[in-house]
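Commentary on secondary and tertiary structure
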Amino acid sequence: MRAPIPSHRSIANCCSLPPSVVHLIPRALSLCTRYVNYREEEGFITCKTKNCKYPSRIARKRPKSRRALRALGGVKASTNASWSSFGTQFIVLQGPAFAPPRIREAIWCGSTNSSTEEEGKELNDPRVLTDVGDVPVQEIRDCGVDDDRLMNVISESVKLVMEEDPLRPLVLGGDHSISFPVVRAVSEKLGGPVDILHLDAHPDIYHCFEGNKYSHASSFARIMEGGYARRLLQVGIRSITKEGREQGKRFGVEQYEMRSFSRDRQRLENLKLGEGVKGVYISIDVDCLDPAFAPGVSHIEPGGLSFRNVLDILHNLQADVVAADVVEFNPQRDTVDGMTAMVAAKLVRELTAKISK
Ligand SMILES: [Mn+2]
C-alpha cells in the first residue's frame, strides 16, 4: 500500500520552514517517495517529535542492500549518512562541503580492496555498511533557514536513521560543527549521555567563535553544556588557547596534548569507555593526523598523530561504539592524487568495522 504524499506547502508549514525553502521540497519529496515505497508498513517518513511529515532528504542509494539487511535481521550495521558543511565567511573552509563525494569515491575505488583491517570485515556486506545518502544542509541554509532550525534538521535526520534499527550513524562532514547536532540526536535517542573519544588538533570548545555559537570551533562546548556527554577525551591536541584550556577544565574534559603523547600513549592504546552510559561516540577530525599523513585539511597543524597511532587507539578501544563522524577533510587542499581522501576513507572503513557487530 502506498502512503499519501503530503503537499509541499503542508510540509513546510508543519515544520515551520520559511516560504523561501518550499521550492526545495519537491526534490526532497521525490526522495521521500522512494522511502515511502520502501517502508510500506510505516507509511511515510514521520518526524515524531514534531508529529509531521519530514522534509529532509534521505535517499536510498542501495535499496537492494537494505532489503538484504532487513532479511538478515538482528544484525548490527553502521550507516553512512553524509552532508555538506555549513557555509562560512572563509572561502578555504568551504572545502569540507565537497568531502563526502570524494570520500565515497575513495571507499569504493578499485586501487584498494574493501575489507577492513579490524576483524577483516567486508564493506560490501550490508550488515557492515549501508549508505543512506545526504542531507542537503548547505542548500537548506542557502534558503535562509536559521542555524537553530538547521541544527534541528540534522538532529532529526540522525534520529530517523537510528529508528531503522540496527543502523547506527556514521556521519561524514563537512566541518566540525555537525558533531553537536549529531551527538545531541544520538544522546536523545538513546536516552542518556555517551562517552566521546574526540581526535583532533584543536579542542573545538570555544564558548563562541567569531560570533557563532554553532561554529566548527564551538561544537564541543554545546555538547558539554547540553549534558550529551559524560566523559570527553580529546586526543591529538596541539593548537589550544588559554580559553580552550579553561573551557576544558570547566567541563571536566580529559585533554591529551601531543607534547605528552609518548607518555600518554600506553593509556590511550588501552582505553575502555562507555561503562555506565549509553555507549561511545567517536569524532575524528582529519587534522588530528600530522599533515605529512593528511595534507588535505583546512587548518594545517604540524606535530600530529601518525595514521598508525590513530588505528592503534581505535583498534584497541574497548567500547560499544554507537555512532561516529569523520570531519574536516578539505578536498580543495588535497594532493593531486587524492591522498587525504584515501586517508579519510580508511578512517571510515575502520570505524565501520568498529561500529558494526
Ligand atoms: Mn581540528
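Residues numbered from 1 in each chain as written. Predicted model: local features only at pLDDT ≥ 70, side-chain atom pairs only at ≥ 80, totals over all residues.

As annotated in an unreviewed UniProt entry, the protein chain carries the name arginase and is attributed to Populus tomentosa. Under the heading Pathway (unreviewed entry), UniProt records this for the protein chain: "Nitrogen metabolism; urea cycle; L-ornithine and urea from L-arginine: step 1/1." Listed in UniProt under the heading Cofactor (unreviewed entry), the comment for the protein chain reads: "Mn(2+)". (UniProt positions renumbered as here; feature names shortened; annotations may be inferred.)

Let us look at the overall build of the protein chain. Scanning the protein chain from terminus to terminus reveals 12 helices and 10 strands. Looking at the protein chain as a whole, 49% of its 357 residues qualify as buried. Across the protein chain, contacts joining residues at least 24 apart in sequence account for 76% of those joining residues at least 6 apart. (Helix = DSSP H or I, 4+ residues; strand = E, 2+ residues; numbered from the N terminus. Buried ≥ 20, exposed ≤ 12 C-beta atoms within 10 Å, placed from the backbone. Contact = placed C-beta atoms within 7 Å.)

Residue G174 is bonded to the preceding G173 through a cis peptide linkage, with omega at 10°. Its location among the elements puts G174 in the loop between β5 (167-172) and α7 (179-190). Its identity is not glycine, yet E119 carries a phi of approximately 65°, on the positive side. Inspection of the secondary structure puts E119 in the loop between α4 (99-108) and β4 (129-135). For D204, which is not glycine, the phi dihedral falls at a positive 50°.

Attention shifts here to the nonpolar core. Counting residues in each nonpolar core, the largest one holds 81 residues, and the members touching the most others are I103, Y281 and A344. When residues in this core are grouped by element, the largest group, nine residues, is from helix α12 (residues 339-355). What Y281 contacts, discounting residues up to four positions off in sequence, is V183, V186, V194, I196, V322, A323 and A324. (Core = buried A, V, L, I, M, F, W, Y, C linked by C-beta atoms within 7 Å.)

Time to look at helix α9 (residues 242-250). Within the sequence span of α9, burial applies to G244, Q247 and G248. Buried residues of α9, viewed axially, fall in a sector of 105°; they line one side. Exposed positions of α9 whose direction lies more than 90 degrees from the buried face are K242, E246 and K249. Against the buried residues of α9 lie α8 (219-225) and β8 (254-257). With its phi angle positive at about 65°, G252 sits one or two positions after the end of α9. (Arc of directions from axis to C-beta.)

The interhelical angle for the contact between helix α6 (residues 147-163) and α7, taken along N-to-C directions, is 45°, at an axis separation of 8 Å. One element, α6, and the other, α7, form an angle in the oblique class. As α6 runs across α7, the sense of the crossing is right-handed. On α7, the residues that touch M151, I154, S155, V158, K159 and M162 of α6 are F180, P181, V182, R184, A185, V186 and K189. Per-class residue counts for the contact of α6 with α7 are nine nonpolar, one polar and three charged. (Axes fitted to C-alpha atoms, helices over the stretch in contact; angles between N-to-C directions. Parallel < 35°, antiparallel > 145°, perpendicular 65-115°, else oblique. Left-handed = near helix turned anticlockwise from the far one by under 90°. Nonpolar A, V, L, I, M, F, W, Y, C, P; charged D, E, K, R; others polar.)

Three or more residues of α4 are buried, namely A99, P100, R102, I103, A106 and I107. Buried positions in α4, seen along its axis, are confined to an arc of 160° and lie on one side of it.

As a further point, take the pairing of strand β10 (residues 321-327). Most of β10 is tucked away, with seven of its seven residues classed as buried. Pairing between β5 and β10: three bridges, direction parallel. Bridged to L172 within β10 is V326. Looking at chain direction, strand β9 (residues 280-285) and β10 are connected through six bridges and run parallel. Across the sheet, the residue bridging to I284 is V326, located in β10. (Pairing = 2+ DSSP bridges.)

A few words on the packing of α4 against α12. One way to put it is that α4 packs onto α12 with a least axis distance of 8 Å and a crossing angle of 75°. Accordingly, the angle class assigned to the pair α4 and α12 is roughly perpendicular. Every residue of α12 that contacts α4 at R102, I103, A106 and I107 is listed here: A341, M342, A344, A345, V348 and R349. Grouping the amino acids of the contact of α4 with α12 by side-chain chemistry returns eight nonpolar, no polar and two charged.

Moving on to the environment of L289. Among the secondary structure elements, L289 is positioned in the loop between β9 and α11 (307-316). In the structure, L289 is positioned 16 residues away from L305 in sequence and 4.6 Å away in space, judged by C-alpha atoms. Residues contacting L289, with those up to four places away along its chain left out, are A294, G304, L305, F307, V310 and V343.

In terms of burial, strand β6 (residues 194-199) is largely enclosed, as six of its six residues are buried. Of the two faces of β6, both are covered, the one formed by V194, I196 and H198 as well as the one formed by D195, L197 and L199. Here β6 pairs with strand β7 (residues 229-237) via five bridges, running parallel. The residue of β7 that forms the bridge with L199 is V235. Here β6 pairs with β9 via five bridges, running parallel.

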